[in-house]
Each structure stands twice: as structure tokens, then as C-alpha cells.
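The primary structure of each chain is shown beneath.
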Amino acid sequence: MPQLIVVMGVSGSGKTTTGAELARRLRVPFADADEFHPASNIAKMSAGVPLDDADREPWLAAIARWLAEHADGGVVTCSALKRAFRDRLRTAAPGAYFVHLAGDAEVVTGRVAARADHFMPVALVASQFAALEPLEPDERGLVLDLDQPVDVLVDTCLTAAEGR
């Protein structure tokens, strides 16, 4: 399995749950991207205002530092919606492997609506899908259906890695 894994996707795709289980099974450190947001970003999103690229820069820099500090292995979540964001992370961790949890906007909207303890409002789901640039063929990674059970997602990640 690649040493550094970024579990990516829009808010509500299951990044945290999948990433935490993947890290547990790989016995490596785990970090949730939400922990890296400055208070100003959380306030903006809580108010229903999408982040712009300038807002995301300190957040991406913090995630990139975490990746660089965990060169011996780790799993981190990050929406990594744009290729430029993933390139930024790869600069810090050239071997990073991306697991994109992709799926239907309706499923994601339902998940976000059901979360009572998160700062991301349902109103921002559409903006995340609008910004999303899927993994390109030259990017190391795997695309999985976010509507699968967590154990299936993690098993698929591990199986795919064994086949390389």
C-alpha cells in the first residue's frame, strides 16, 4: 500500500469514516482535514459562503506539512477538489496516493443534511460538486463509489494496492 494516502471527495462523501478505518487497518497515523481549517474558514462555511482558493491556501499548506511530516506513512482526508490542490499536496509528498470517494449529489446532500454536529451546510454541497475536478489518468489514485459500505471501500483500497 502506498505510504501516504489522501482520501478525497466533496463534503459528506465519507472521507473521515473511510480514512480513519483505512489508517486503523494500515496501522498508520490519521488526520482529518477539518482539523486544519483556520477559524475564519469555518466561520465562512458555517455562514453558507463557499471558500475560494485564497481561503484554502493556509489549509492546504497545513495538510501539506502534515503529509511531509508523515513520510513514513499516514492517511489524511482532504476534499482536494481541484487538480491544483492535489498538485500542491504532491509537492510536499510526491508519492501521495489519492482515494476519491465519488458519487451522486443526492446521496451526499442527504448525508450532509443528516449531520447535526458539522459546520458544512447543505447549501454548499452544490458548490463543492461545481468545483470538483476528478482524478486525471496521470494521477496516482483510485475512484470508489461513496455509496458502498466502509468495509467494502477499505477492502477495495487494500486489494487494489496488492495488485500493483
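How each quantity is defined
- Residues numbered from 1 in each chain as written.
- Predicted model: local features only at pLDDT ≥ 70, side-chain atom pairs only at ≥ 80, totals over all residues.
- Heavy atoms only, no water.
- Helix = DSSP H or I, 4+ residues; strand = E, 2+ residues; numbered from the N terminus.
- Buried < 20%, exposed > 50% of the residue type's maximum accessible area, 1.4 Å probe, protein only.
- Contact = heavy atoms within 4.5 Å.
- Areas by Shrake-Rupley, 256 points an atom, 1.4 Å probe, with all protein chains shown as cover.
- Expected span 1.5 Å × (residues − 1).
- Bend = angle between axes of the 7 residues up to and from the residue.
- Pairing = 2+ DSSP bridges.
- Axes fitted to C-alpha atoms, helices over the stretch in contact; angles between N-to-C directions.
- Patch = residues over 30% accessible without salt bridge, like charges linked within 9 Å, V, L, I, M, F, W, Y side chains within 5 Å.
- Salt bridge = Lys/Arg side-chain N within 4 Å of Asp/Glu carboxyl O.
- Lys, Arg positive; Asp, Glu negative; His and termini not counted.
- Charge placed at Lys NZ, Arg CZ, Asp CG, Glu CD.

## Topic: the overall build of the protein
Right, on to step 1. Counting secondary structure elements, the protein contains 7 helices and 5 strands.
Right, on to step 2. N-terminal to C-terminal, the α/β element order of the protein is β-α-β-α-α-β-α-β-α-α-β-α.
Right, on to step 3. Looking at the protein residue by residue over its 164 residues, the buried ones come to 46%.
Right, on to step 4. For the protein, long-range pairs separated by at least 24 residues make up 75% of all intrachain contacts whose partners lie at least 6 apart in sequence.
Right, on to step 5. Put simply, the protein shows about 7,700 Å² of open surface, and 54% of that area lies on carbon and sulfur atoms.

## Examining helix α3 (residues 53-69)
Right, on to step 1. For α3, built from 17 residues, the straight-helix expectation of 24 Å at 1.5 Å per residue is met to within 8% by its first-to-last C-alpha distance of 24 Å.
Right, on to step 2. In α3, a bend of some 25° at Trp59 exceeds every other bend along the element.
Right, on to step 3. Tucked into the core, α3 has its buried residues touching β1 (4-8), β2 (30-31), α2 (39-46), β3 (74-77) and α4 (83-92).

## A short note on the environment of Lys82
Right, on to step 1. Its place among the elements puts Lys82 in the loop between β3 and α4.
Right, on to step 2. For the pair Lys82 and Leu132, spaced 50 residues apart in sequence, the C-alpha to C-alpha distance is 5.8 Å.
Right, on to step 3. For Lys82, the residues in contact, after removing those within four places along its chain, are Asp53, Ala131 and Glu133.

## Some points on the environment of Ala23
Right, on to step 1. Looking at the element boundaries, Ala23 is found in helix α1 (residues 15-26).
Right, on to step 2. For Ala23, a relative accessible area of 3% translates into the label buried.
Right, on to step 3. Here Ala23 is in contact with Val28, Pro29, Phe30 and Val75, once residues within four sequence places are set aside.

## Description of the sheet that holds β3
Right, on to step 1. Spatially, β2-β3-β1-β4-β5 is the arrangement adopted by the 5 strands of the open sheet, whose pairing is parallel. Taken across any chain shown, the strands that pair with only one partner, and hence form the sheet edges, are β2 and β5 (141-145).
Right, on to step 2. Across 4 bridges, the pairing between β1 and β3 is parallel. Residue Ile5 lies in a different strand from β3, and its bridge partner there is Val75.
Right, on to step 3. Along the sheet face, α3 touches β1, β2 and β3 and points at about 170° away from the line of β3.

## Let's talk about a negative patch on the surface
Right, on to step 1. A surface patch of negative charge is lined by Asp104, Glu106, Asp145 and Asp147.
Right, on to step 2. Tracing the sequence through the fold places Asp104 in the loop between β4 (97-102) and α5 (105-114).
Right, on to step 3. Among the residues examined, Asp104 registers a relative accessible area of 44% and is labelled partly exposed.

## A closer look at the pairing of β5
Right, on to step 1. Along β5, the buried face is formed by Leu142 and Leu144; none of Gly141, Val143 and Asp145, which line the opposite face, is buried.
Right, on to step 2. As defined by bridge partners, β4 adjoins β5 across 5 bridges and the pair is classed as parallel. Each bridged residue has a counterpart across the sheet, and for Leu101 the counterpart in β5 is Leu144.

## A short note on the pairing of β4
Right, on to step 1. Counting buried residues along β4, 5 of its 6 residues qualify, which places the element largely inside the surrounding structure.
Right, on to step 2. Direction of pairing for β1 relative to β4: parallel, over a ladder of 4 bridges. Pairing of Val6 across the sheet is with Phe98, part of β4.

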